[in-house]
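# Per-entry structural report
Chain by chain, the residues run as shown.
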Amino acid sequence: MFKSFSRKPRFRRHRDPRPQPRPHGPGIVILLAVFYLALLMLLPLPSHYRGDERLYTDAALTMMQSGDYLTPTFSDGSERFNKPPLFYWLIAVCFKIFGVNLLSSRIASLAAGCLLVGVTYAISHEVFKSKGRAMASASIMALNIQLLYLSIRATPDAVQTFFVTLSFCGFFALVFAQRRTPLHFAMAYLGAALAFLTKGMMGLLPVAFSIGFCLFHRRAGVRARDLIDVRWLLAATVLACSW
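Summarised in this report is the structure supplied together with it.

Of the regular secondary structure elements, the protein chain holds eleven helices and zero strands. The buried share of the protein chain, taken over its 243 residues, is 40%. Considering only contacts within the protein chain whose residues lie at least 6 apart along the sequence, 71% involve residues at least 24 apart. Per element, the accessible surface of the protein chain, about 14600 Å² overall, is 66% carbon and sulfur.

This is the structure we're talking about:
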């Protein structure tokens, strides 16, 4: 009869009924909206026009007129192969949607700058697990003079920076968070491929750096071969070499 009293009581674990906090809140949405709308008003202004913008807008216009979207050219018709064609394609698409004007030639750069601020928030939240610190990181990026300058110009720098950062974000999830999901492999490899297709060899930096980090810092618990997914690697290779 004493055995029943000697047993330890068993407690059932109940799930916390309170809703779990989301990794994003209204703050980042407001920041992105302010960043986008504030710079959108500056896009049509010719006061900050720079001569190198003409190289990209002329190539996009020539593509639209000739129908040849694989051969970038200068305004005089001579071939221009020192830059990959993705940014020309983006400008051409914007020209077809919004018409041929300064605003439409620069809106792809503004969209990339806005997305870059969002990706900065995501990476910071993953690192610090804090909305406040993530918001501070995104705010610092949004106030960066160089980013503000590049987001209102028809040059590929903001677009390339976004794709490189997106690739780093994917590799960060693979290495440190060990989230080997199709989404993160796609971010890592397709982001690098699109950066390569925007401005060349700089797009390979996230791949080389992440694999090198795993080779020289084995204490991180992730082997370099764990970052390799043949399907996404093949898809990224085909995309990067499609031109």
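Here we come to helix H4 (residues 86-98). Here H4 spans 18 Å end to end across 13 residues, near enough to the 18 Å set by a 1.5 Å rise per residue. The set of residues buried in H4 consists of Leu86, Phe87, Tyr88, Ile91, Ala92, Cys94 and Phe95. Within two residues after H4, Gly99 carries a phi angle of roughly 90°, on the positive side.

Now for the packing of aromatic side chains. Taken as a whole and judged by the stated rule, the model has seven aromatic pairs. Between the aromatic rings of Phe162 and Phe163, the centroid separation amounts to 5.2 Å while the plane-to-plane angle is 45°, which identifies the pairing as tilted. Considered together, Phe162 and Phe163 belong to a single accessibility category, that of buried residues. Through a chain of ring-to-ring contacts, three or more aromatic side chains come together here, namely Tyr56, Phe87 and Tyr88. Above the face of the Tyr56 ring, Arg80 is positioned so that its terminal group lies 5.1 Å from the ring centre.

It is worth spelling out the packing of helix H3 (residues 53-66) against H4 at this point. One way to put it is that H3 packs onto H4 with a least axis distance of 8 Å and a crossing angle of 65°. Viewed along their axes, H3 and H4 adopt a mutual orientation that is roughly perpendicular. Considering only the axes of H3 and H4, their crossing is right-handed. Here Leu55, Tyr56, Thr57, Ala59, Ala60, Leu61, Met63 and Met64 of H3 come into contact with H4, specifically with Phe87, Tyr88, Trp89, Ile91, Ala92, Phe95 and Lys96. Of the residues in the contact of H3 with H4, the class split is 13 nonpolar, one polar and one charged.

Between helix H8 (residues 157-175) and helix H10 (residues 205-216), the least distance of the axes is 9 Å, while the angle of their chain directions is 25°. Compared by their axis directions, H8 and H10 come out roughly parallel. As H8 packs across H10, the resulting crossing turns out to be right-handed. The residues of H10 that touch H8, namely those facing Val164, Ser167, Phe168, Phe171 and Val175, are Leu205, Pro206, Val207, Phe209, Ser210, Phe213 and Cys214. For the contact of H8 with H10, the class distribution of residues is ten nonpolar, two polar and no charged.

Next up on the list: a nonpolar patch on the surface. A grouping of Leu70, Phe81 and Trp243 is seen on the molecular surface, where their side chains present a nonpolar patch of about 310 Å² in accessible area. Following the sequence through the fold, Leu70 ends up in the loop between H3 and H4.

This brings us to the pattern of salt bridges. Note that side chains of opposite charge can pair when their charged atoms are close. The final tally for this structure, using the stated rule, is eight salt bridges. Its salt-bridge partner being Asp52, residue Arg153 comes within 2.3 Å of it at the nearest N-O pair. One end of the pair, Arg153, is in the loop between helix H7 (145-150) and H8; the other, Asp52, is in the loop between helix H2 (26-40) and H3, with 101 residues separating them in the sequence. Between Glu53 and Arg106 there is a salt bridge, with its nearest N and O atoms 2.9 Å apart.

All right, on to the environment of Ser66 then. Relative to the helices and strands, Ser66 is located in helix H3. A residue is classified by how much of its surface remains accessible, and Ser66, at 52% relative accessible area, is exposed. Side-chain polar atoms of Ser66 contact the backbone oxygen of Thr62, separated by 2.8 Å. At 3.2 Å, the side chain of Ser66 forms a polar contact with the backbone nitrogen of Asp68.

For the rest of this paragraph, the subject is the nonpolar core. Counting residues in hydrophobic clusters, the biggest one holds 41 residues, and the most contacted among them are Leu31, Phe35, Ile91, Val117, Ala138, Phe162 and Phe163. Going through the elements one at a time, H2, H3, H4, helix H5 (102-128), helix H6 (131-142), H7, H8 and helix H9 (182-199) are the ones with two or more residues in this core. Residue contributions to this core peak at nine residues, all from H5. With residues up to four places along the chain from it excluded, the contact list for Leu31 reads Val117, Met135, Ala138, Ser139 and Ala142. Among the nonpolar cores identified, the runner-up in size contains 15 residues, and Val175, Phe185, Val207 and Ala240 belong to it.

Rules and cut-offs
- Residues numbered from 1 in each chain as written.
- Predicted model: local features only at pLDDT ≥ 70, side-chain atom pairs only at ≥ 80, totals over all residues.
- Heavy atoms only, no water.
- Helix = DSSP H or I, 4+ residues; strand = E, 2+ residues; numbered from the N terminus.
- Buried < 20%, exposed > 50% of the residue type's maximum accessible area, 1.4 Å probe, protein only.
- Contact = heavy atoms within 4.5 Å.
- Areas by Shrake-Rupley, 256 points an atom, 1.4 Å probe, with all protein chains shown as cover.
- Expected span 1.5 Å × (residues − 1).
- Phe/Tyr/Trp six-rings, centres within 6.5 Å; stacked < 30°, edge-to-face > 60°.
- Lys NZ or Arg CZ within 6 Å of the ring centre and 35° of its normal.
- Axes fitted to C-alpha atoms, helices over the stretch in contact; angles between N-to-C directions.
- Parallel < 35°, antiparallel > 145°, perpendicular 65-115°, else oblique.
- Left-handed = near helix turned anticlockwise from the far one by under 90°.
- Nonpolar A, V, L, I, M, F, W, Y, C, P; charged D, E, K, R; others polar.
- Patch = residues over 30% accessible without salt bridge, like charges linked within 9 Å, V, L, I, M, F, W, Y side chains within 5 Å.
- Salt bridge = Lys/Arg side-chain N within 4 Å of Asp/Glu carboxyl O.
- Polar contact = N/O pair within 3.5 Å; in protein donor to acceptor, adjacent residues only side chain to side chain.
- Core = buried A, V, L, I, M, F, W, Y, C linked by side-chain atoms within 4.5 Å.

Function-wise, these values are silent; they only describe arrangement.
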